Structure formats: C-alpha cells, structure tokens
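# Understanding the architecture of this molecule
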Amino acid sequence: RSAARNFAYRMQSTGSDVKTQISKGFTMATYQQITGKSLNALVNLYNNALSQFKGNDDKICEMTGGVSKHTNAETAALIVVANAMLNLDEVVTKN
C-alpha cells in the first residue's frame, strides 16, 4: 500500500480537481492518455470509495497509514484509485 499512498500524494500535487489528478496519474503510470471510459470508471471507483470512507476515521487511518496531513476521506479514496492504476495491465507489463 505504500507505493499506492505515495503515488496518490503525487497525483494530488497535479491539481485540485479529482478528474485532473486521476487523468494525470494515469499518464504518469502508463505514458498514455486516459480514455473517457477509463476516466469514468476510475472516477466512479473514487466516488464509491469516498462514500465508504466519509465518517469512518478508522478506515481512513488504515488506508492513509496513520494521522498526517493526508488523513482525510479524499486522500484515502485516491489511494484506492492509485492502487487500481498500479495494478492495470498497462502498468504491470510496461517496459
């Protein structure tokens, strides 16, 4: 999870809008532009994770690795997306 956490923090530094963060993260991970279909799927994953993390401080702390400036539902949800991205075939098989 550490790689996904650090990748999510890097994605957050690319902009304040989650679609921008996901889009730029995808490009960083795959060296490809994200398709609309993939962006929608990852935004949906983010939104579903966000709704599960909201109001659940224990889950947020578990996902973010403890209490820090990153301990919030938005970062926890982005870590879920970052983890999914790091496990995409495009990333795993990239040379």
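Cut-offs applied
- Residues numbered from 1 in each chain as written.
- Predicted model: local features only at pLDDT ≥ 70, side-chain atom pairs only at ≥ 80, totals over all residues.
- Heavy atoms only, no water.
- Helix = DSSP H or I, 4+ residues; strand = E, 2+ residues; numbered from the N terminus.
- Buried < 20%, exposed > 50% of the residue type's maximum accessible area, 1.4 Å probe, protein only.
- Axes fitted to C-alpha atoms, helices over the stretch in contact; angles between N-to-C directions.
- Parallel < 35°, antiparallel > 145°, perpendicular 65-115°, else oblique.
- Left-handed = near helix turned anticlockwise from the far one by under 90°.
- Contact = heavy atoms within 4.5 Å.
- Nonpolar A, V, L, I, M, F, W, Y, C, P; charged D, E, K, R; others polar.
- Salt bridge = Lys/Arg side-chain N within 4 Å of Asp/Glu carboxyl O.

## Describing unusual backbone geometry
Positive phi, normally seen in glycine, also occurs at tyrosine 31, with a value near 60 degrees. Counting through the fold element by element, tyrosine 31 comes out in the loop between α2 (18-30) and α3 (36-53). A residue is classified by how much of its surface remains accessible, and tyrosine 31, at 67% relative accessible area, is exposed.

## Some words on the packing of α2 against α3
Here α2 crosses α3 at 125 degrees, and the two axes come no closer than 10 Å. It follows from the interaxial angle that α2 and α3 lie oblique. The handedness of the crossing between α2 and α3 is right-handed. Every residue of α3 that contacts α2 at Val18, Lys19, Ile22, Ser23 and Phe26 is listed here: Leu39, Leu42, Val43 and Tyr46. Of the residues that constitute the contact of α2 with α3, the class distribution is seven nonpolar, one polar and one charged.

## Describing the pattern of salt bridges
Counted according to the given criterion, the structure contains one salt bridge. Linking lysine 54 and glutamate 74 is a salt bridge whose minimum nitrogen-to-oxygen distance equals 3.4 Å. Of this pair, lysine 54 sits in the loop between α3 and α4 (57-64) while glutamate 74 sits in helix α5 (residues 73-86), placing them 20 residues apart in sequence.

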